[in-house]
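# Reading the structure
This is what each chain is made of:
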Amino acid sequence: MAEYDLNELQKIRENKEVLEYLEEHGIIEIKKFNDIYDYEKELYDLQVKLLKLQYEIIEKGKRVLIIFEGRDAAGKGGTIGRITEHLNPKKVRVVALPKPTEEESGQWYFQRYIKHLPNAGEIVIFDRSWYNRAVVEPVFGFCSKEQHELFMNQVPEFEKQLVDDGIILIKLFLSISKEEQAERLKERKDDILKRWKIGTLDQQAQEKWDVYSGYIEDLFKQTGTKKAPWLEISKDNKKKARLASFKLIINAIVGNEQEKPDTFITKYD
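Right, let's walk through the structure included here.

Reading the values: rules and limits
- Residues numbered from 1 in each chain as written.
- Predicted model: local features only at pLDDT ≥ 70, side-chain atom pairs only at ≥ 80, totals over all residues.
- Heavy atoms only, no water.
- 1 Å grid on protein atoms, 1.4 Å probe; cavity = no way out; pocket = protein on both sides within 12 Å on 5 of 7 lines; lining within 4 Å.
- Points joined across faces, edges and corners; volume = space filled by probe spheres on them.
- Helix = DSSP H or I, 4+ residues; strand = E, 2+ residues; numbered from the N terminus.
- Nonpolar A, V, L, I, M, F, W, Y, C, P; charged D, E, K, R; others polar.
- Phe/Tyr/Trp six-rings, centres within 6.5 Å; stacked < 30°, edge-to-face > 60°.
- Buried < 20%, exposed > 50% of the residue type's maximum accessible area, 1.4 Å probe, protein only.
- Lys NZ or Arg CZ within 6 Å of the ring centre and 35° of its normal.
- Core = buried A, V, L, I, M, F, W, Y, C linked by side-chain atoms within 4.5 Å.
- Contact = heavy atoms within 4.5 Å.

Okay, the layout of surface pockets next. In this model, the largest pocket occupies a volume close to 1400 Å³. When contributions to the lining of the largest pocket are tallied by element, the ones reaching two or more residues are α4 (76-84), α5 (102-105), α6 (111-114), α7 (136-140), α8 (145-164), α9 (178-190) and α11 (238-254). In terms of residue count, the dominant contributor to the lining of the largest pocket is α8 (four residues). Here the residues of the lining of the largest pocket sort into 16 nonpolar, eleven polar and 17 charged. Put simply, the second largest pocket is a space of about 490 Å³. P229, L231, N251, A252 and K267 are, among the 22 residues lining the second largest pocket, the residues nearest its centre. Taken together, the elements giving at least two residues each to the lining of the second largest pocket come down to β4 (167-175), α11 and β6 (265-268). Among the elements that line the lining of the second largest pocket, the one with the most residues is β4, at five residues. Taken together, the residues of the lining of the second largest pocket sort by class into eleven nonpolar, five polar and six charged.

Next up, the structure:
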């Protein structure tokens, strides 16, 4: 559900007397109200555009795979929620795999992900993906140096095969500052309704910040390619990062820059 009802915001915005009354009595701040309205309006417009694109994806049997990676507490879950909010749920899937089972640990690393690739007419969103082996696993010692190096060598060719087969592959990485991450993690810890979001690894995100940074840098350098580039969204503002994600996804599906990219987006190819 939307955080605010756009129609109600519109009615208030168009009634100056109501606005003045609310401001005079300290109920709202005009600037804050206008910021909320502008965000909800732009979000709505982008959701409509994406929904229309989904009709085309279904009709033409296209396959879309969106990978969301990023720092802990960067806003992946909230962004994915807004992206899928008004899409046809029968034709969109969010995949967030748990740690590998004993059987999966003995398989080719990509094997358990392949079964979740999009079918014709589908959008599949990976909330973290095979790129766990590029950053999280080596940071915490969940894979060997040899396994990490093998993955980094294999993934560009693996993704090339996906793209050559017709899959529209979109790789988004959400970045935030160390200070913003600390604040968000604290907020989660202090809020009983958000405490479930903190995992065992999240609690070490701050102390291992520099180690993460080194692997993330390698991620962009070694796995960003012309056919499967990385698009990094570097913004501490959650709402602007969400809007940027929509724009990048729409552009990738359309095949051109229908939506003007924001200045805080970096492409690695």
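So, next bit.
With that settled, the discussion passes to the packing of aromatic side chains. Counted by the stated rule, this structure contains 20 aromatic pairs. When the centroid spacing of 5.8 Å and the interplanar angle of 85 degrees are considered together, the rings of Y113 and W130 count as edge-to-face. Here Y113, found in helix α6, pairs with W130, found in the loop between β3 (122-127) and α7; they are 17 residues apart in sequence, far enough to count as distant. Considered together, Y113 and W130 belong to a single accessibility category, that of buried residues. On the numbers, 6.3 Å between centres and 70 degrees between planes, the contact of F220 with W230 is edge-to-face. Here the residue F220 occupies a position in helix α10 (residues 209-223), and W230 occupies one in strand β5 (residues 230-234), the gap between them amounting to ten residues. What makes W230 buried here is its relative accessible area of 0%. Lying across the ring of W209, R71 places its NZ or CZ 3.6 Å from the centre.

Before going further, it helps to spend a moment on the nonpolar core. Ranked by size, the top nonpolar core spans 33 residues in total, and within it F68 and I249 carry the most contacts. Elements with a minimum of two residues in this core: α3 (30-60), β1 (63-70), α4, β3, β4, β5 and α11. The dominant element in this core, judged by the number of residues it contributes, is α11, at eight residues. Among all residues touching I249, those that are not within four sequence positions of it are L50, I66, F68, I83, I170 and L172.

With respect to the element layout, R133 can be found in the loop between β3 and α7. Residue contacts for R133: discarding those within four places in its chain leaves Y109, P138, C143, Q147, H148 and F151.

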